[in-house]
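Spelled out, the chains give:
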Amino acid sequence: MAQLHRQVSQESQLLYQQQLKQALASLQAKLPDYLAQIENPASELGAIKIAQLQARIVSVEQSLRNVVDYLNSASLPNHIEQLEAAIAQVTADLDQLQYQIPFATNPEQPTHWHTEAGGEPSLFPVASESVSPVRRAGEAGEAGEAGEAGEAGEAGGAGEENIKAYPSAFVPEPILPNWDFRFTVKGHQDWVSALAISSDGQILASGSLDKTVKLWHLETGDLIHTFSDHQQGVLCLSLSPDGQWLASGGFDQTIKVWKLETGELCHTLTGHNGSVRSLVIMPDNQTLISGSFDQTIKLWQLDQGKFVQDLVQDAGRLSAIALSPDGKTLASGGGDGIVDLWHVQPFDLEFSLTDNLSSINSLALSPNGRRLAAACTDGTLKVWQLDSAERVESWQCPSAPAMSIIFSDNGQSAIAAHADGTIKIWWLGIDEPLLVLDNNDAGSVVSVALSPDGQWLAGGNRDGTVKLWQQL
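All figures in this text were calculated on a predicted structure; none of them were measured in a lab. (Residues numbered from 1 in each chain as written. Predicted model: local features only at pLDDT ≥ 70, side-chain atom pairs only at ≥ 80, totals over all residues. Heavy atoms only, no water.)

**Quick look at the nonpolar core**
And step 1. Core analysis: the largest hydrophobic core is formed by 17 residues, its most contacted members being Val339, Leu341, Leu353, Leu363, Leu372, Trp384 and Leu386.
And step 2. Mapped by element, the contributors of at least two residues to this core are strand E14 (318–323), strand E16 (339–343), strand E17 (348–353), strand E18 (360–365) and strand E19 (371–376).
And step 3. Listed in part, the 15 residues of the second largest apolar core include Leu299, Leu311, Trp342 and Val344. (Core = buried A, V, L, I, M, F, W, Y, C linked by side-chain atoms within 4.5 Å. Buried < 20%, exposed > 50% of the residue type's maximum accessible area, 1.4 Å probe, protein only. Helix = DSSP H or I, 4+ residues; strand = E, 2+ residues; numbered from the N terminus.)

Structure representation (structure tokens):
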């Protein structure tokens, strides 16, 4: 009986191995077709969704590698349930990719922004307009605390009245910006996914899916350094206010920290289990906050290169975090469309905004920390007044996802990068963009940055270039 039991057990193990290997082979066979479709997009509108699908492909490939590791393990009989769960998850991921790829590679041909026509299929459900902001921390009256942090520094943004509280006749007269195109910086081989400009306005940092970070002299476009230490694409950058530190994060789940002046790689921070999507360096120039697709927000000590603590462990799959200039308020958001507002010291959730958001690509806080802007996958741009948690703007650009958003130096306008190849400048209280900067066939604009004095504007593009404008 014992011998028969061993024989049955061995045959069962072999059967499981054969079934799992067959399933794995089937899944691996599907990947080339998906990748082939992704690498041959039919239109620029599909480009932004392609980047999202490529990120999911990385996750699927990692799952497949995990399955292979399990199959090569001597303890396979003890992990049958885990293996079956892994196979089921990979299969579900591939099924979703198969459903989404036609929308990414064969979308309805987009119409140029100026025609105000057309739309596109959305990968993310959008809540009803009737949904109102939901606060998770305390009663409704506590929302006012979010704006109190900016009172002391209010002089710097004195023109930022709550525009929703006044009739349109009292909206401050818009100032038409006069941006003069200066030159194009070339050097990256893939999407320029992140940009940052130093506090002295001298250095432009660019991060790309080609796995490199480059430093440029802003006014001349001359290349200063190229950092090639990431193993996968770079997704985010942050420069310290004192101009000493540069931090970068990406698909390889690491954060690299360099000395900006020398180009020396000082630290590689590990601990995230998903791609690092957003970074901010605190005003103390020593503390770094990171947001990741692993649903965590982490705190790090820059000079020592040490992990300090998890600030949040269940924040959702984050794609963006933003810090107020005074370092007192942190905003976070991602695929679920919810924006959380956090008080930094001590770290605590103040309230959440849930009114009709699609997936969030970018967040920005105004110079006085009293307004929040979000760029969304469905093409909308939204602005909230934080002291009342009231949404005061919802600009519509349905022909192209909004990739990145920043506030102007005076906080009265927002600058957004769009996947239709344009940078649009919006004045708070005005429904149409004041100015549209065309990208001249460089493809989708993926990232945008403004110099601290408001004189230089940079746009990072799908073709690996960075275009620069100077305000006259």
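**Brief notes about the environment of Ile338**
And step 1. Structurally, the position occupied by Ile338 is in the loop between strand E15 (329–334) and E16.
And step 2. Placed 19 residues apart in sequence, Ile338 and Leu357 show a C-alpha to C-alpha distance of 7.0 Å.

**Here's the deal with the sheet that holds strand E11 (residues 287–292)**
Pairing between the strands of a sheet is mediated by backbone hydrogen bonds and can be parallel or antiparallel.
And step 1. Taken together, the 4 strands give an open sheet; going across it, the order is E10-E11-E12-E13, and neighbouring strands pair in antiparallel fashion. At either margin of the open sheet sits one strand with a lone partner, and together these are strand E10 (276–281) and strand E13 (306–312). Here the strands of the sheet are splayed against their neighbours by 25 degrees on average, with no regard to which way each runs. (Pairing = 2+ DSSP bridges. Axes fitted to C-alpha atoms, helices over the stretch in contact; angles between N-to-C directions.)

**Some thoughts on the environment of Gly333**
And step 1. One can find Gly333 in strand E15.
And step 2. In this structure the C-alpha to C-alpha distance between Gly333 and Leu353, which are 20 residues apart in sequence, comes to 9.6 Å.
And step 3. The contacts of Gly333, once residues within four sequence positions are left out, are Leu318, Ser319, Ala320, Ile338, Ile360 and Leu363. (Contact = heavy atoms within 4.5 Å.)

**Looking at the pairing of strand E4 (residues 213–217)**
Sheet faces and side chains relate simply in a regular strand, where the side chains alternate between the two faces.
And step 1. Most of E4 is tucked away, with 4 of its 5 residues classed as buried.
And step 2. Bridging between strand E3 (residues 203–208) and E4 involves 5 bridges; their strand directions are antiparallel. Counterpart to Ala205 in the pairing with E4 is Leu215.
And step 3. What sits between the antiparallel neighbours E3 and E4 is a turn of 4 residues, in which Lys211 has the positive phi angle 80 degrees.
And step 4. As judged from the 4 bridges shared by E4 and strand E5 (residues 223–227), these two strands associate in the antiparallel manner. Counterpart to Val213 in the pairing with E5 is Phe227.
And step 5. If you look at the hairpin formed by E4 and E5, you'll find 5 residues sitting between the two strands, and Gly221 has a positive phi there, around 80 degrees.

**So, unusual backbone geometry**
And step 1. Backbone torsion omega between Gln345 and Pro346 reads -5 degrees, so that peptide bond is classified as cis.
And step 2. By the element assignment, Pro346 lies in the loop between E16 and E17.
And step 3. With a phi close to 70 degrees, Gln253 is a non-glycine residue in the positive phi region.
And step 4. By the element assignment, Gln253 lies in the loop between strand E7 (245–250) and strand E8 (255–259).
And step 5. For Gln253, a relative accessible area of 30% gives the class partly exposed.
And step 6. The phi angle at Ala389 is positive, at roughly 55 degrees, despite the residue not being glycine.
And step 7. Looking at where Ala389 falls in the secondary structure, it is placed in the loop between strand E20 (381–385) and strand E21 (390–395).

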